[in-house]
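Coordinates in review
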2 protein chains.
Amino acid sequence: MASRKEVADLAGVSEATVSRVLNGVGPIKEETRRKVLEASEKLGYVPSAIARSFARSKSGNLGVVLPYVPKAHLFSAYFFSEMLSGIGNKARDSGMDLLVMFRSPGEVMNYADLFRRQKVDACIILGAKDDHGELAAMQQLQEEGHPFCVMNQHFAGESFLEVDADHVEGSRLAVHHLTEQGYRKIAFLNGPDSYSNSQERLLGVQIGLKEAGMELDPDLLLEGNYSRRSGVEAAATIAARLDEIDAVFAANDRMAIGVMHGLRERGIEVQNFPAFVGYDDSDAAEMSVPPLTSVRVPFYEMGELAVSKLIHGSLVGSASTEASGSPSEWPRELLPTELIIRASSIRK
Amino acid sequence: MASRKEVADLAGVSEATVSRVLNGVGPIKEETRRKVLEASEKLGYVPSAIARSFARSKSGNLGVVLPYVPKAHLFSAYFFSEMLSGIGNKARDSGMDLLVMFRSPGEVMNYADLFRRQKVDACIILGAKDDHGELAAMQQLQEEGHPFCVMNQHFAGESFLEVDADHVEGSRLAVHHLTEQGYRKIAFLNGPDSYSNSQERLLGVQIGLKEAGMELDPDLLLEGNYSRRSGVEAAATIAARLDEIDAVFAANDRMAIGVMHGLRERGIEVQNFPAFVGYDDSDAAEMSVPPLTSVRVPFYEMGELAVSKLIHGSLVGSASTEASGSPSEWPRELLPTELIIRASSIRK
DNA sequence: TTGTAGGCGTTATCAG
DNA sequence: CTGATAACGCCTACAA
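Residues numbered from 1 in each chain as written. Chains lettered and ligands numbered in written order. Predicted model: local features only at pLDDT ≥ 70, side-chain atom pairs only at ≥ 80, totals over all residues. Heavy atoms only, no water.

With that settled, the discussion passes to the interface of chain A and chain B. Between chain A and chain B, the residue contacts involve 48 residues of the former and 48 residues of the latter. At the boundary of chain A with chain B, total buried surface from both sides reaches about 4100 Å², with 63% on carbon and sulfur atoms. When the buried area of chain A at its contact with chain B is split by residue, Ile 50, Phe 102 and Met 287 of chain A rank highest and sum to 17% of it. The tally of links between chain A and chain B comes to 6 salt bridges. Here Asp 97 of chain A makes a salt bridge to Lys 119 of chain B, at a shortest N to O gap of 3.4 Å. Elements supplying a minimum of two residues to the side of chain A that touches chain B: α4 (49-56), α5 (77-93), β2 (97-102), α6 (111-116), α11 (253-265) and α12 (283-287) of chain A. In terms of residue count, α5 of chain A provides more of the side of chain A that touches chain B than any other element does, 9 residues in total. (Contact = heavy atoms within 4.5 Å. Buried area = accessible area lost by both parts, 1.4 Å probe. Salt bridge = Lys/Arg side-chain N within 4 Å of Asp/Glu carboxyl O. Helix = DSSP H or I, 4+ residues; strand = E, 2+ residues; numbered from the N terminus.)

Structural data, given as C-alpha cells:
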C-alpha cells in the first residue's frame, strides 16, 4: 500500500502539500494540485483514518446507543431501523461513521467514557428510560460538555438536546378520531410510565376526551409494556368488559395487535371487535387484520434531525467541542405526528 | 482529563509500566500493579482508543454493511435487527465496536477502501446481491487478504467466508408439510433470482415436491421481490386461478401476508383461503391473521456465528491480518432452519 | 520486573 | 504558495 511519502516523491512535492491537497486546505497552485492528485491516484494512495483521527484527536464517529432488545421484543424493529436509517444517511452526508452500541440488560452505560476513550465525537441515545442511572450518565455527559442527543425520551428539568415527536398531539388526534365517530367508551392501553412518551400519550388522551366533554375512566386505563404479549394479556380485561368498551387506543401497534389477538383467542369475532387505534404506524399496522388505524411518527426524519442538530450546532466538526448549547438554545421542538386511518377504527 | 504521565508519576513508575498494567501485558509485580491501578482510578484516567488504534494499526472496529432500505421495504427490519443484535453482542464480548454502514442505492461499495482507510479490521456484509459490482468488490477484499464474511448470500465458485442457513431444507420442510396434509396444487411465490437464497428455496421446493411424487407446475411459480406489495400483486394471479391452487408457499413472510391481503381485497374469505406458508418466521408471521406457518431462520445466531468465525479464525485479533483461510478451511456449513406451524397451513 | 526510546501517519504551525 | 518539523498518546522491542 502506497505511503504518503511515495506520493509526495512522485509528485515532486512535500508530504505536507500532499496532505493539503487531499484535505482541500489552504491555497494550492492548480498545477501542484493536479500533480498530487495524479500521483495519489496512480499509486492508489488512501490516507489512514486512524492516523488522521490521532492527529486531529477526533474519531469521526457518531455513536448510536440502542436499547437492549429482549426476547420479548419490547421495542419494535421498525422503530429502530427507521431511526437508524435516518441517522445513517445524514451521518454519511456529513462524513461521519456510525458506531452502534447495544445497551446491555443490567449494566448502566457509562456514556462519558465513550467520549473519553475518544471512540465517538458525538452520540445519539435511543430508547432511554427515565431512571436514575440513565439520568446520571447523561448529566455527566452534559457536565463534561460532550455533544449528545436523546431521541424519543424527554428528561424534564434538564436541558439536554432532544429530538422527539409530538405524542400529546398524536394521542389527542387518535382519541378525537374515535370520539368524532361517536365512540364513548374508550379504553387506553398505555406503556410504562418510565418513558416520557407514555406520559405524553396519557396527556393527549385526556385532552382528547375533554374536548369531547368526557374524561378518562380509570377502569379503562390499562398498562402494558409495549410488547405484543402485554397486549394479549390486556385483552383478558378488555374481553371481560366488552360491553363497557367500544374502542381501544393502544400506545403502540404491537400492543394493539396483541389485544386483537387476545380477543380472537377468546373467540370474539372481528365484527364484534371494538374500534382500534394503534401508534407508530409500523409495518405491522398495515399488515394487521383488520388494517390498523395508527399514529404515524416520523422516525426517519427524527434520525436525520438529530444528526443535523448535533452537527449544525457546531457541536461537532468545529474546533471547539466545548460546552453544548444553553437550554434556551435548544427549545423542545417536536416533529408532527399524523393519524393514518384504516379499517380498524371505522364505524361499521 | 488525566494523562498517562500523571498516572505514572503518581504511581511512581514509568509510562510503559502503566501501559503494561492496564493492558495486562508482561509480568508485573503485584504491588506495582496495585499502585498503578489506584493512581489510575484516582485520576480517572481513561486511555485513548484512538491513540491505541494508531499504535497498533488496528481500529478495533467491526464493519457491518447493511443493504439500502428503500421505501418499499424489500428487506424486513426484523431480519436485520436480529442479525445486528447477534453481531453486536458477540462483538462486544470480543471487545470490538460495530461500525455500521448503509449501502446507498446507486453507488457500488468499495469495500476494500474501508480496510485501507483502517476504519475496520474486519467486516460483515449483509443483504449482498449476486451482481457484478458486488462480486468484484468482494474479490478485491479477498485478494488483499481482508477478513470479511458474507451473510445470507452464497457466491458460487468463490471461497468467501459465508454464514447462511439451510434454505434448501427449510423450503423442503415447508413443502413437505403441505403435501403431507394432502395439498397438491402448491403455488410458489419466490424472490428474485439474484439472491442465492431464492435459488435455494426453489431447489428445496422441487425436492419437496419430488418426494411427494409431484413436480413444480411452471404456471404456479411466481416471482415477487420480497416486498409485501409484490405479494399483493401476485394475489391477482392467485385469485384468478384459485380453483387450481390449494396452497401457497412464499419465500418470505411479507410476501405471504401480501398475498393474503390481496385475496382479501378481492373479497375472498379466510375460510376459502388456500393454505399458506411463509418464510423467516418474523414478527409478522405471529401477528398475521390467520397466524402464518413459517420457516424459522436463526438470524441472531447467524450474526453471532459470523463474528465468531471472523475472530476465531485468527483473522482478527492476531498479529497477522494476512490472508484469510483457504477455501477448504471454510466449508459451507449451514445453520438449521425449522418449520413453525401455525393456523394458516392447517387443513380445516 | 521495570525503564528508555523509537516509531506509528497525520495535522498544523511556523518560516520562507 | 510550499517545505520543514513538532506534536499527538500509545505500544513494544531492547536494555538494564
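Still to come is the rest of the account.
Next up on the list: the protein's contact with DNA strand C. In the vicinity of DNA strand C there are 24 residues, among which Arg 4 and Ser 19 of chain A together with Thr 17, Arg 20 and Thr 32 of chain B approach most closely. By atom count, sugar and phosphate contribute 56% of the portion of DNA strand C lying within 4 Å of the protein. For DNA strand C, a phosphate oxygen lies 2.9 Å from a polar atom in the side chain of Tyr 45 of chain A. Between DNA strand C and the protein, one listed contact pairs a base nitrogen with a side-chain N or O atom of Arg 20 of chain B at 2.7 Å. (Near = heavy atom within 4 Å. Polar contact = N/O pair within 3.5 Å; in protein donor to acceptor, adjacent residues only side chain to side chain.)

Between chain A and chain B, the superposition needs a rotation of 180° and an axial shift of 0.1 Å, giving an RMSD of 0.1 Å. Here the two chains are linked by the operation of a two-fold rotation axis. Taking the C-alpha atom as reference, chain A places Leu 99 of chain A closest to the rotation axis, 2.3 Å from it. Most of the interface of chain A is mirrored in chain B, where 100% of its interface residues are also at the interface. (Least-squares fit on C-alpha atoms with pLDDT ≥ 70 in both.)

Here we take up the environment of Phe 276 of chain A. Residue and element names in this part refer to chain A. Along the chain, Phe 276 falls in strand β9 (residues 275-280). Along the backbone, Phe 276 and Ala 174 are 102 residues apart, and their C-alpha atoms lie at a distance of 9.7 Å. Not counting residues within four places of it along the chain, the set of residues in contact with Phe 276 comprises Val 248, Ala 256, Val 259, Met 260, Leu 263, Leu 292, Thr 293, Ser 344 and Ser 345.

Turning our attention to the sheet that holds strand β8 (residues 247-250) of chain A. Residues and elements named next belong to chain A. Read from one edge of the open sheet, 6 strands run β7-β6-β8-β9-β10-β12, paired in mixed fashion. Here the strands that pair on one side only, and so sit at the sheet edges, are β7 (221-223) and β12 (338-340). In this sheet, adjacent strand axes meet at a mean angle of 20° when their direction is disregarded. As paired strands, β9 and strand β10 (residues 293-296) are joined by 4 bridges and run parallel to one another. (Pairing = 2+ DSSP bridges. Axes fitted to C-alpha atoms, helices over the stretch in contact; angles between N-to-C directions.)

Any empty space left between the atoms is revealed when a probe the size of a water molecule rolls over them. There is about 930 Å³ of room inside the largest pocket. Forming the walls of the largest pocket are 32 residues, and the residues nearest its centre are Gly 60, Gly 95, Met 96 and Asp 97 of chain A together with Arg 117 of chain B. If you list the elements that add at least two residues to the lining of the largest pocket, you get α4, α5 and β2 of chain A together with β2 (97-102) and α6 (111-116) of chain B. At 4 residues, the largest contribution of residues to the lining of the largest pocket is made by α4 of chain A. (1 Å grid on protein atoms, 1.4 Å probe; cavity = no way out; pocket = protein on both sides within 12 Å on 5 of 7 lines; lining within 4 Å. Points joined across faces, edges and corners; volume = space filled by probe spheres on them.)

To continue, consider the UniProt feature "domain: HTH lacI-type" (unreviewed entry) in chain A. The feature "domain: HTH lacI-type" (unreviewed entry), as annotated in UniProt, sits at residues 2-56 of chain A in this numbering. Taken end to end, residues 2-56 of chain A is 71% helix and 0% strand, and its first and last C-alpha atoms sit 22 Å apart. (UniProt positions renumbered as here; feature names shortened; annotations may be inferred.)

The next thing to look at is the protein's contact with DNA strand D. Taken together, 24 residues are adjacent to DNA strand D, and Thr 17, Arg 20 and Thr 32 of chain A together with Ser 19 and Tyr 45 of chain B come closest. At a separation of 2.6 Å, a phosphate oxygen of DNA strand D approaches a polar side-chain atom of Ser 19 of chain B. Interatomic distance of 3.2 Å between a backbone N/O atom of Ser 48 of chain B and a phosphate oxygen of DNA strand D. Elements supplying a minimum of two residues to the surface near DNA strand D: α2 (15-23) and α4 of chain A together with α2 (15-23) and α4 (49-56) of chain B. In terms of residues, the surface near DNA strand D owes the most to one element, α4 of chain B, which gives 5 residues. Its residues assigned to classes, the surface near DNA strand D shows 12 nonpolar, 6 polar and 6 charged. (Nonpolar A, V, L, I, M, F, W, Y, C, P; charged D, E, K, R; others polar.)

Fine structural detail should not be taken from predicted coordinates in areas where pLDDT scores are low. Of the residues in chain A, 94% reach a pLDDT of 70 or more, and the chain-wide mean stands at 90. Low pLDDT, under 50, characterises residues 314-330 of chain A; the predicted model gives this stretch 30 contacts beyond four residues in sequence or across chains. (pLDDT = per-residue confidence, 0-100.)

Further remarks concern the domain arrangement of chain A. Frequently, the measure chosen for interface size is the accessible area that the parts lose on association. For chain A, the assigned domains read domain 1 (4-56), domain 2 (61-164 + 299-334) and domain 3 (167-298 + 338-345). Each of domain 1 of chain A and domain 2 of chain A was reduced to a C-alpha centroid, and the two centroids are 35 Å apart. (Domains from an automatic or database assignment.)

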